[in-house]
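One letter stands for each residue in the lines below.
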Amino acid sequence: MTNVDDDFQTIIDSYEQEKAKAESKQVNDVLVGQAPQVKQNQPLEVEEEEDDKKERHFATELRDLILRQDIEFAIDEVKKPFAKLKIGGHYEVHAVTSQSFKDIVIELAENEFERVIAKYALESAIESISAKARRSKNFKSISIRAKYLPNDGKIYLDLCNEAWQVVEISRKGWQIIDNSPIWFKRTDDMDELPMPKFDSRNKLNVERLKKYINYSNDDNFDLYVSWLLSNLMTDTSVPILILQGTAGVGKSFTSELLRTVLDPVRTLKSISRVKPKIEDIVLDTSKNRILVYDNLSAGTITAEISDLFATIATNSATSKRALYTDDGQIIVKLGRSLLFNGIDDLVKRQDLLSRSLVIELDTLKERKPENELREGFERDHPYVLGALLNMASTALRNKGKSTFNKSRFTDWGRFVEDGASAIGWDNNRFSSLYLGNIEAAQETLIQSNYFILGLKEIMDNEHSGKISYYAVPLIEKISNFDFVPKVIAKGAIPHPQKIKERLKRDEALLKQIGITWSDSIYKGKTKYTFQKKK
């Protein structure tokens, strides 16, 4: 029998011999200029390279999986890629780079491949699809909450429910449809609208809203209804609704419910900015159809901010730098509905006032708990919504009958007049309400405009009805009137060099009090001539 110790020694001797041979070969390799090979690292590098290839291959598989779906890609006006894809029994629209789209892709992939998706593969697939969408040049108008197609005679309203249903409004009435022809995007804070109730008692149903908001008088309520209809009109000029009143009159709550009628949100009921900034406001327009600015004051609405709000209200275009290029600029339309509330006279500039409906709210006779009001509103909301949809359908059916042309909001005015018969208004109801509101707002503005009041005082004391001034003497005379405070806000009375600019801006106010003006050059200086109609 073989001794165990001898066998063990044999194994040791063999190991030592092999080790010596390996060391001898390594030394010899160095002597002949060959670097020693570190074999233990090679398998790791190869493994990493193989893993990288697998991930690249998987990213391609993931992209192909997405492309095999019932899916269409498009880009919006700023070349942002969107996808419309079938989920279950309905279609959804998502920005390709959004978290919501990534969640859909992850769920798809995990069901298909039964594995967790690596971030590299997901991001690579998304970037490939984004590039494909941009190259396709398949431009789509991406809408938020509502879309008006005047040439087709149809309006679409996104209910924002899980089934992605929309209301289609036409001359014949309205219906709920499952597959929207409009690409509606949704934001995280958008909330679901209730299923509207069809009921022909439109006036009764729309006035259910009166129980929950402050409107002070029936004229104001009818202006609310007119403004609510404007939220179904897109790609056109619509007025800004401004609620003013002392503390405690329910401005914020009324603003919240008016907005909720057609564009409810989950959390951000209103936007409160102590000092609004241009970039913040532009960003706000990407989130909701109706923007509610709470507790604004005239002091925070600078000339620049006022111009931007006017741009939004009139659906005009503005430019901003493209995020995906170094130097590209893009033109975007910011058309949204605006609702402001505050304590003081918010609008101090004629150009913004001419784009607004100003409602003065009286003190509430009775205050109820807000929770109780919200519960009641939720019960009546479907009826209020249904009545507005009936009004919109009536407006489409009567399109062309109204001849309203008394403001910059001609399309809106005609739309309201064409739909007004659905709630029993006579032909002149809207026109008289709107023009009366504008006249009252302008009178309020005149009373707070020291420059206009000064010109009025001068003309009231000028029996000939005509007088001329050079810039400096005119400003000095106005500044010395007793009704002008010694300390006033900058710009309340213009600098002599800014008179012409101010006269152009306040021309509508001057016209209301019967004053016209002209300018001429005499001996190298500008002379202003004012004339009052007798």
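Residues numbered from 1 in each chain as written. Predicted model: local features only at pLDDT ≥ 70, side-chain atom pairs only at ≥ 80, totals over all residues. Heavy atoms only, no water.

**Comments concerning the sheet that holds strand β17 (residues 515–522)**
Heads up, the condition is: Only when DSSP finds a minimum of two bridges between them are two strands counted as paired. Numbering of helices and strands runs from the N terminus; a helix is a DSSP stretch of H or I covering at least four residues, while a strand is a stretch of E covering at least two. In this analysis an axis means a line fitted to C-alpha atoms, helices contributing only their contacting stretch, and an angle means the value between N-to-C directions, from 0 to 180 degrees. Residue contacts are counted whenever heavy atoms from the two residues lie within 4.5 Å of one another.
Taking strand neighbours across the sheet as the criterion, the three strands line up as β16-β18-β17 in an open arrangement whose pairing is antiparallel. Pairing within the sheet leaves two strands with one partner each, and these edge strands are β16 (466–470) and β17. The sheet shows a mean angle of 25 degrees between the axes of neighbouring strands, taken without regard to direction. Bridge analysis of β16 against strand β18 (residues 525–532) gives five bridges, and the strand direction is antiparallel. The residue of β18 that forms the bridge with Ser468 is Thr529. Along the sheet, helix α14 (residues 450–460) contacts β16, β17 and β18; its crossing angle with β18, the most-contacted strand, is approximately 65 degrees. Helix-sheet contacts for helix α15 (residues 471–479) involve β16 and β18, and the interaxial angle to β16 is about 110 degrees.

**A short note on the pairing of β18**
Relative to β18, β17 is paired through eight bridges, and the arrangement is antiparallel. The residue bridging Asp519 from the neighbouring strand is Tyr528, located in β18. Here β17 hands over to β18 after two residues, with Lys523 in that stretch at a positive phi of 55 degrees.

**Observations concerning the side chain of Asn390**
Going by this rule: Under the scheme applied here, a residue whose accessible area is under 20% of the maximum for its type counts as buried, over 50% as exposed, and between as partly exposed, the area being computed with a 1.4 Å probe on protein chains only. Think of a polar contact as two N or O atoms within 3.5 Å of one another; within protein, one of them needs to be a possible hydrogen donor and the other a possible acceptor, and neighboring residues in sequence only count if both atoms come from side chains.
If you trace the backbone, Asn390 turns up in helix α11 (residues 370–397). Given a relative accessible area of 9%, Asn390 falls into the buried group. Polar side-chain contacts of Asn390 include one of 3.1 Å to the backbone oxygen of Asp199.

**Structural notes on the nonpolar core**
Our working definition: Put simply, buried Ala, Val, Leu, Ile, Met, Phe, Trp, Tyr and Cys residues joined by side-chain atoms within 4.5 Å make one nonpolar core.
In terms of nonpolar packing, the biggest core is built from 62 residues, with Leu157, Leu209, Tyr224, Leu241, Leu258 and Leu388 touching the most fellow members. The greatest single-element share of this core, amounting to 11 residues, is contributed by α11. When residues no more than four places from it in sequence are discounted, the contact partners of Leu258 are Leu209, Ile213, Tyr224, Trp227, Leu228, Leu241 and Leu339. Counting 47 residues, the second-largest nonpolar core is a separate cluster that includes Ile312, Ala313, Phe451 and Ile478.

**Some words on α15**
How we decide: An arc is given here, and it is the one of the directions from the helix axis to the C-beta atoms.
The complete set of buried residues in α15 reads Ala471, Leu474, Ile475 and Ile478. An end-on view of α15 places all buried positions within 95 degrees of arc, on one side of the element. Against the buried residues of α15 lie α14, β16, α16 (499–505) and β18.

**Structural notes on the sheet that holds strand β5 (residues 146–149)**
An order of β5-β6-β7-β8 is seen for the four strands of this open sheet, with the pairing classed as antiparallel. The outermost strands of the open sheet, each flanked by one partner alone, are β5 and β8 (173–177). Here the strands of the sheet are splayed against their neighbours by 15 degrees on average, with no regard to which way each runs. Pairing of strand β7 (residues 166–170) with β8, which is carried by five bridges, proceeds in the antiparallel orientation. Of the residues in β8, the one forming a bridge with Ser170 is Gly173. Contacts from α11 reach β5, β6 (154–158), β7 and β8 within the one sheet, and its direction differs from that of β7 by about 35 degrees.

**Side note on the pattern of salt bridges**
So the rule is basically this: Whenever a carboxyl oxygen of Asp or Glu lies within 4 Å of a side-chain nitrogen of Lys or Arg, that contact is scored as a salt bridge.
Summed over the entire model, instances satisfying the criterion amount to 23 salt bridges. With a closest N to O distance of 2.7 Å, Arg201 and Asp199 form a salt bridge. Classification of Arg201 by relative accessible area gives partly exposed; the value is 45%. Exposure remark for Asp199: the relative accessible area of 14% places this residue in the buried category.

**Notes on unusual backbone geometry**
The backbone of Lys79 shows a phi angle near 65 degrees, a positive value even though the residue is not glycine. Relative to the assigned elements, Lys79 resides in the loop between β1 (71–75) and β2 (81–87). By relative accessible area, Lys79 is classed as partly exposed at 42%. Here Cys160, not a glycine, exhibits a phi torsion of approximately 60 degrees, which is positive. If you trace the backbone, Cys160 turns up in the loop between β6 and β7.

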